[in-house]
Amino acid sequence: MENLLRKGVREAVRVLYGAELEEGLLQIQKTRKEFAGDLTIVVFPLTRISRKSPELTAMEIGEFLTANIDAVSVYNVIKGFLNVTVSPEEWARRLFQISEVSDYGFTAPGDNPVTIVIEYSSPNTNKPLHLGHIRNNLLGFSLSRICGAAGNRVIRTNIVNDRGIHICKSMVAWKLFGDGATPASTAKKGDHFVGDYYVLFDRKHREQAAALEAAGVKPDEARDTAPLMLAARDMLLKWEAGDEETVQLWHMMNSWVYEGFDVTYKALGVEFDKIYYESDTYKLGKEIVLQALKEGHLVRKDDGSVWIDLTADKLDHKLLLRSDGTAVYMTQDLGTAVIRYNDYHFDRHIYVVGNEQNYHFQVLALALLRMGFKWAGGLHHFSYGMVELPEGKMKSREGMVVDADDLISEMTDTARSMSQELGKLGGYSEDEKENIYRQIGLAALKYFILKVDPKKNMTFNPLESIDFNGNTGPFIQYTYTRIRSVLKKADEAGIHWGHGKQDTLTPNQKEINVIKLLNDFPALVTEAAGELSPALIANYCYDLAREFNQFYHDYTILGEADTDLRDFRLRLSDLTGRVIETGLWLLGIEAPERM
RNA sequence: GGCCCUAUAGUUCAAUGGAUAGAACGCGGGUUUCCUAAACCUGAAAUCCAGGUUCGAUUCCUGGUGGGGCUACCA
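Residues numbered from 1 in each chain as written. Chains lettered and ligands numbered in written order. Predicted model: local features only at pLDDT ≥ 70, side-chain atom pairs only at ≥ 80, totals over all residues. Heavy atoms only, no water.

Undergrad: Would you explain the packing of aromatic side chains in this entry?
TA: Aromatic ring pairs: the centre-centre distance and the angle between the two ring planes describe each pair. Within this structure, the stated rule accounts for 24 aromatic pairs. Between phenylalanine 193 and tryptophan 256 the ring centres are 5.3 Å apart and the planes differ by 90°, which places this aromatic pair in the edge-to-face class. One end of the pair, phenylalanine 193, is in helix α8 (residues 190-214); the other, tryptophan 256, is in helix α11 (residues 244-268), and 63 residues separate them in sequence. For phenylalanine 193, a relative accessible area of 2% gives the class buried. On the basis of relative accessibility, which here comes to 9%, the residue tryptophan 256 falls in the buried class. Arranged with centres 6.2 Å apart and planes meeting at 35°, the rings of phenylalanine 548 and tyrosine 552 form a pair that is tilted. Separated by four residues within a single helix, phenylalanine 548 and tyrosine 552 lie in helix α19 (residues 534-554), roughly one turn from each other. We classify phenylalanine 548 as buried; its relative accessible area is 1%. (Phe/Tyr/Trp six-rings, centres within 6.5 Å; stacked < 30°, edge-to-face > 60°. Helix = DSSP H or I, 4+ residues; strand = E, 2+ residues; numbered from the N terminus. Buried < 20%, exposed > 50% of the residue type's maximum accessible area, 1.4 Å probe, protein only.)

Structural data, given as structure tokens:
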């Protein structure tokens, strides 16, 4: 539609003013609601060519367009804006066209698709997932679907930070205070079970440090020399040396954590194609660093530590290997990146990681390039903002966190009580009802998080933030269930709306509003993939649902006596339902049949 | 100190350099013998400050101010 107009205006300029229109000068946008029309041509830039006032230029072009393009029926001019109205009949034809497209909104991958690796989630194995991880997982998972829908080959990956001093703390605490307890013996979820020992370690350690301080030891020294800290260090050394008992304990506790994570991932509905473990990749990282050192890309200090000098890129010196030869965070990320490139030969690699690590990822890409890995130009840090509580930043150690599992079940509880109050699920079994409560609760949570521009920090108020009315996930789901209900009734009445005639139809304004949005969908998916923005999809779904609800409120569908018009409305409803379902799917949100 | 992100109704969020800054929650007023009222209609309510570029700036640039982050031989 827009392309048609684009061509028309170029033609108009050629005929009226005898000039070729540069592409950059032509601005076409959707007409704002408060004005009549569908598409708007901004004529200010064209006055340079016409050498006439904006109003006159607009009128001349408007006359030309209505005379020469069938689909353009009317135009009006306000200030320097030429508002063009596409004829209702054209919109009707448009609906017939796009509703026949299967997989509407998806771009087929083509022969040589762009390969994108997306890393998200990236948990530590010493504590359960919290609200910050939820934002991460939802963004990553949604991005993977959006990029896939736009025709790319997508590999979803995760890196599990499964080694290091933090894991050793949990291990020490369990060994000393655990008394052989297991998640099974305590009926606790594995990740929470292990997380409790991490917290316990921290508490006991603080007590020990305080005792030392009371005896006159300096604070720093007290922290470093408390028996528990020494035990954790010792544990790390043993682990790196491959001590059998330690490695066995490590395996056991990690496996508990993974069982717990799996439950949370499943509850959130996120998945991965390939999971990497830091314990598998850090060694290659060390090799890469040593190799790069040999090739002269890095510098070794007197104490034996290895650094990269990035001052030429306006960054700093960055440590890549400790003086004792052990790996740091950066080391293993270098290794992971190389392994992934060897595995997939990606064109792009998207890291979904919070903005607190902006510096880290700048260094990572530059370091790889410096070492000669040209593909590192395809690395992209998808940097999202922090989730804060009304009291401020979340702090695991002080218990100021919103636990992921708790939050999910609270959402389901709220959905359950609201749904039961409304009482619309008669005829469903308890299991079916529970599944719907879960779908609605999750939709509220996911939509709340995904509708926000990813790079902005967001505040989450446990008591007030999540709504089920208005601009919310459940609102969109509700619109979907209304549509399903109408289509089901049509089906039961034996109405076959798929063959309806189209030529004589003149849709009303509400119908046109919906068709316009439906018509935008494929371009929107492409745009969302280009900008890596699930928020665009979320806001679109909301707009579409709202627009459809207005139509639904003002007009009857099944009660329409003119069967061509009735069938047209069913077609409109059906495509709206399909697009909402697809849009929600791109966000990782399920669409229930009833609610 | 240096670097990065951010600032829009009471609150949570929108707005490729374009028209009268758009929603939701909350607050006020309405709509149900009719396909699901988790809906629809309607009222009040906002661009941090000062310059600059432009026919035109919430948007771009500069300088302030407020908020957040990074600047570890932590991850």
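Undergrad: When you look at the protein's contact with RNA strand B in this model, what are you seeing that I'm missing?
TA: Residues in close proximity to RNA strand B total 66 residues, the closest being Phe81, Asp303, Lys424, Tyr478 and Tyr555. Each atom of RNA strand B within 4 Å of the protein was assigned to sugar, phosphate or base; sugar and phosphate come to 65%. Here a phosphate oxygen of RNA strand B and a side-chain polar atom of arginine 322 are 2.5 Å apart. In the environment of RNA strand B, a phosphate oxygen lies 3.1 Å from a nitrogen or oxygen atom belonging to the backbone of tyrosine 329. Secondary structure elements with two or more residues in the surface near RNA strand B: β1 (27-30), β2 (39-42), β4 (81-86), α14 (358-370), α15 (404-422), β15 (458-459), α17 (473-492) and α19. (Near = heavy atom within 4 Å. Polar contact = N/O pair within 3.5 Å; in protein donor to acceptor, adjacent residues only side chain to side chain.)

Undergrad: Explain the sheet that holds strand β6 (residues 153-160) here, please?
TA: Strands belonging to one sheet form pairs held by backbone hydrogen bonds; the direction of such a pair is parallel or antiparallel. With parallel pairing, five strands are arranged side by side in an open sheet as β7-β6-β5-β11-β12. Each having just a single partner strand, β7 (274-277) and β12 (379-384) make up the two edges of the open sheet. Geometrically, the sheet is characterised by an average inter-axis angle of 25° between neighbouring strands, direction not taken into account. Pairing geometry for strand β5 (residues 115-119) and strand β11 (residues 348-354), over four bridges, is parallel. Along β11, the bridge assignment pairs isoleucine 118 with isoleucine 350. The strands touched by helix α5 (residues 131-149) within the sheet are β5, β6, β11 and β12, with β12 carrying the most contacts at an inclination of about 130°. (Pairing = 2+ DSSP bridges. Axes fitted to C-alpha atoms, helices over the stretch in contact; angles between N-to-C directions. Contact = heavy atoms within 4.5 Å.)

Undergrad: Please clarify how the pattern of salt bridges should be interpreted in this entry.
TA: Opposite charge on two side chains makes pairing possible when the charged atoms of those side chains draw close. Under the definition given, this model contains 34 salt bridges. The salt bridge involving arginine 438 is made with glutamate 590; its shortest N-O contact spans 3.2 Å. You can see arginine 438 sitting in helix α16 (residues 430-450) and its partner glutamate 590 sitting in the segment after α20 (563-587), a full 152 residues away along the chain. Taking the relative accessible area as the measure of exposure, arginine 438 reaches 28% and is therefore partly exposed. With a shortest N-O distance of 3.1 Å, arginine 566 and aspartate 567 are connected by a salt bridge. Of the two residues, arginine 566 and aspartate 567, both sit in the buried class. Taken together, the shared-partner salt bridges in this structure form one network comprising Glu11, Arg14 and Glu20. (Salt bridge = Lys/Arg side-chain N within 4 Å of Asp/Glu carboxyl O.)

Undergrad: Would you explain the domain arrangement of chain A in this entry?
TA: Frequently, the measure chosen for interface size is the accessible area that the parts lose on association. Taken domain by domain, chain A comprises domain 1 (2-86), domain 2 (87-116 + 436-595) and domain 3 (162-269). For domain 2 versus domain 3, the distance between C-alpha centres works out to 48 Å. (Domains from an automatic or database assignment.)

Undergrad: Explain the pairing of β12 to me, please; I cannot follow it from the model alone.
TA: Each regular strand carries side chains that alternate between the two faces of the sheet. Pairing of β11 with β12 involves six bridges; the strand directions are parallel. Looking across to β12, one finds that valine 352 is bridged to phenylalanine 382. In this fold, β11 hands off to α14, which returns the chain to β12; that crossover is right-handed. (Right-handed = clockwise from strand over helix to strand, strands pointing away.)

Undergrad: What is the right way to look at the sheet that holds strand β14 (residues 392-393) in this model?
TA: With respect to topology, three strands assemble into an open sheet ordered β14-β13-β15, the strand pairing being mixed. Across the chains shown, the open sheet's two edge strands, defined by having one partner strand only, are β14 and β15.

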